[in-house]
Amino acid sequence: MPRRTFPLRLVIALLAAVALTAACGGSSSSSAAGYGTADVPTGSVSIIAPLDGAVLSGPVDIEMGTDGFEVEPAGAVRSGAGHLHLMIDIGCVEPGEVIPADGAHLHLGDGSTLTTLDLAPGEYSLCLQAGDGAHTALDLTDSVTFTVTR
């Protein structure tokens, strides 16, 4: 059986490609979401009201704010922009994952920063998370806990 040899330049190029892919995370969920290392979201999101630890009667008005992140309706995926999501009594979504559409994940795809929740009496935790236009979770979050009395 003849022995195969490869040109040294080809071997070096292949090794460099493998190393670069590993260093960049290969096909990681962040690059699949359209965010390369140069497009990592910056800024912050915050729950302005209710305050952490508040005791309220329902319905509960939720006011959210952003700094360095443009809130816009769902649709286009643009660097530094997207819309907000509220997770009720569950944690935030891993950045790069698509935010589910169910009763525990409220999508504010209209670009709003105000909403009202009609919650039964009890203790609640909210996670506010920014997502891109395609509902991919970004690493911009805030959370609060509060109690609804009636």
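See the structure printed just above.
The following refers to the structure shown. (Residues numbered from 1 in each chain as written. Predicted model: local features only at pLDDT ≥ 70, side-chain atom pairs only at ≥ 80, totals over all residues. Heavy atoms only, no water.)

Turning our attention to the sheet that holds strand 1 (residues 44-49). Within the open sheet, the three strands sit side by side as 1-3-7. Their pairing is antiparallel. Either end of the sheet is taken by a strand with one partner, and the two such strands are strand 1 and strand 7 (114-117). If you compare each strand with its neighbour and ignore which way they point, the axes differ by 30 degrees on average. Bridging between strand 3 (residues 60-67) and strand 7 involves four bridges; their strand directions are antiparallel. Bridge assignment links E63 to a residue of strand 7, and that residue is L114. (Pairing = 2+ DSSP bridges. Helix = DSSP H or I, 4+ residues; strand = E, 2+ residues; numbered from the N terminus. Axes fitted to C-alpha atoms, helices over the stretch in contact; angles between N-to-C directions.)

For the rest of this paragraph, the subject is the state of the cysteines. Evaluated as defined, the whole model comprises one disulfide. Across the disulfide, C92 is cross-linked to C127 (sulfur-sulfur distance 1.7 Å). A torsion of 95 degrees about the S-S bond marks the disulfide between C92 and C127 as right-handed. In this pair, C92 is assigned in the loop between strand 5 (81-88) and strand 6 (105-108) and C127 in strand 8 (residues 122-131), connecting sequence segments 35 residues apart. Accessibility expressed as a relative area gives 36% for C92, which makes it partly exposed. Look at C127 and you get buried, because its relative accessible area is 3%. (Disulfide = S-S within 2.5 Å. Buried < 20%, exposed > 50% of the residue type's maximum accessible area, 1.4 Å probe, protein only.)

Turning our attention to the side chain of T115. With respect to the helices and strands, T115 occurs in strand 7. Beyond its immediate sequence surroundings of up to four residues, T115 is in contact with V60, D61, I62, M64, L86, L106 and L108. (Contact = heavy atoms within 4.5 Å.)

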